[in-house]
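One-letter residues, chain by chain:
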Amino acid sequence: MCLVAILAAIVIVNLTAVAQSRPLWGRATYYASRYQGRTMACGGAYRHRKLVAAVDRKINIPCGKKLRVKNRSNGRVVTVRVKDRCACYGRTIIDLSRRAARRLGYVQGGWTRVRVTVLQ
């Protein structure tokens with residue numbers, strides 16, 4: 001049991017290092033309208049007209065960091081600020097606000113493949 005905890009800690013540390021230095025590849029989804037006005041993990045209320053994001057809890061990117069998100073399907077790019085955490089599943093690594101999803105052009109499909117880069 002102790003070995004499992006140590007291995008889990010190593011994986012989390014590695015994800016943190018990777019998130020800070022290299023682009024992340026995965027899926028992006030967007031927040032549903034029903035979350036409008038709810039409190040976010042980093043403070044403040046969710047507003048679908050802002051350019052904000054929630055990153056997977058396993059990827060330790062600090063609140064307030066800016067991210068450049070590129071839609072790999074059409075090449076569109078948007079810059080968002082981390083304001084929340086999410087429990088993503090599968091290949092999903094980030095949830096974006098509706099405005100950010102619109103700018104990336106995937107509102108109709110519900111998700112898209114993205115590359116996420118942490119801006120310094």
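These numbers were taken from a predicted model, which means no experiment stands behind them.

Caption draft 1: Molecular detail of the packing of aromatic side chains. In this structure the tally under the stated criterion is 3 aromatic pairs. On the basis of an interplanar angle of 75° and a centroid distance of 6.1 Å, the ring pair of Tyr-31 and Tyr-35 is categorised as edge-to-face. Taking the relative accessible area as the measure of exposure, Tyr-35 reaches 28% and is therefore partly exposed. Members of the aromatic cluster, connected to one another through ring pairs, are Tyr-31, Tyr-35 and Tyr-46. Looking at Arg-27, its charged tip hangs above the ring of Trp-111, at a distance of 3.8 Å from the centre.

Caption draft 2: Up close: the nonpolar core. In this structure, Ile-61, Leu-67, Val-69, Val-80, Ile-94, Leu-96 and Val-116 are the most contacted members of the largest nonpolar core, which totals 22 residues. For this core, the secondary-structure elements that each account for two or more residues are strand E1 (24-30), strand E2 (52-56), strand E3 (66-71), strand E4 (77-86), strand E5 (92-96), helix H2 (98-104) and strand E6 (111-118). Ignoring anything within four residues of it in the chain, the contact list for Val-69 reads Arg-76, Val-77, Val-78, Val-80, Ile-94, Leu-96, Leu-104, Val-114, Arg-115 and Val-116. Core analysis: the next-biggest nonpolar cluster, separate from the first, contains 7 residues, Tyr-31, Met-40, Val-52 and Cys-86 among them.

Caption draft 3: Spotlight on the side chain of Thr-112. Here Thr-112 is to be found in strand E6. Given a relative accessible area of 5%, Thr-112 falls into the buried group. Polar side-chain contacts of Thr-112 include one of 3.0 Å to the side chain of Asn-71. In this structure Thr-112 touches Gly-26, Arg-27, Ala-28, Asn-71, Ser-73 and Tyr-106, once residues within four positions along its chain are discounted.

Caption draft 4: A look at the environment of Val-52. With respect to the helices and strands, the residue Val-52 is situated in strand E2. Look at Val-52 and you get buried, because its relative accessible area is 9%. The contacts of Val-52, once residues within four sequence positions are left out, are Met-40, Tyr-46, Val-80, Arg-81, Lys-83, Asp-95, Leu-96 and Ser-97.

Reading the values: the criteria
Residues numbered from 1 in each chain as written. Predicted model: local features only at pLDDT ≥ 70, side-chain atom pairs only at ≥ 80, totals over all residues. Heavy atoms only, no water. Phe/Tyr/Trp six-rings, centres within 6.5 Å; stacked < 30°, edge-to-face > 60°. Buried < 20%, exposed > 50% of the residue type's maximum accessible area, 1.4 Å probe, protein only. Lys NZ or Arg CZ within 6 Å of the ring centre and 35° of its normal. Core = buried A, V, L, I, M, F, W, Y, C linked by side-chain atoms within 4.5 Å. Helix = DSSP H or I, 4+ residues; strand = E, 2+ residues; numbered from the N terminus. Contact = heavy atoms within 4.5 Å. Polar contact = N/O pair within 3.5 Å; in protein donor to acceptor, adjacent residues only side chain to side chain.

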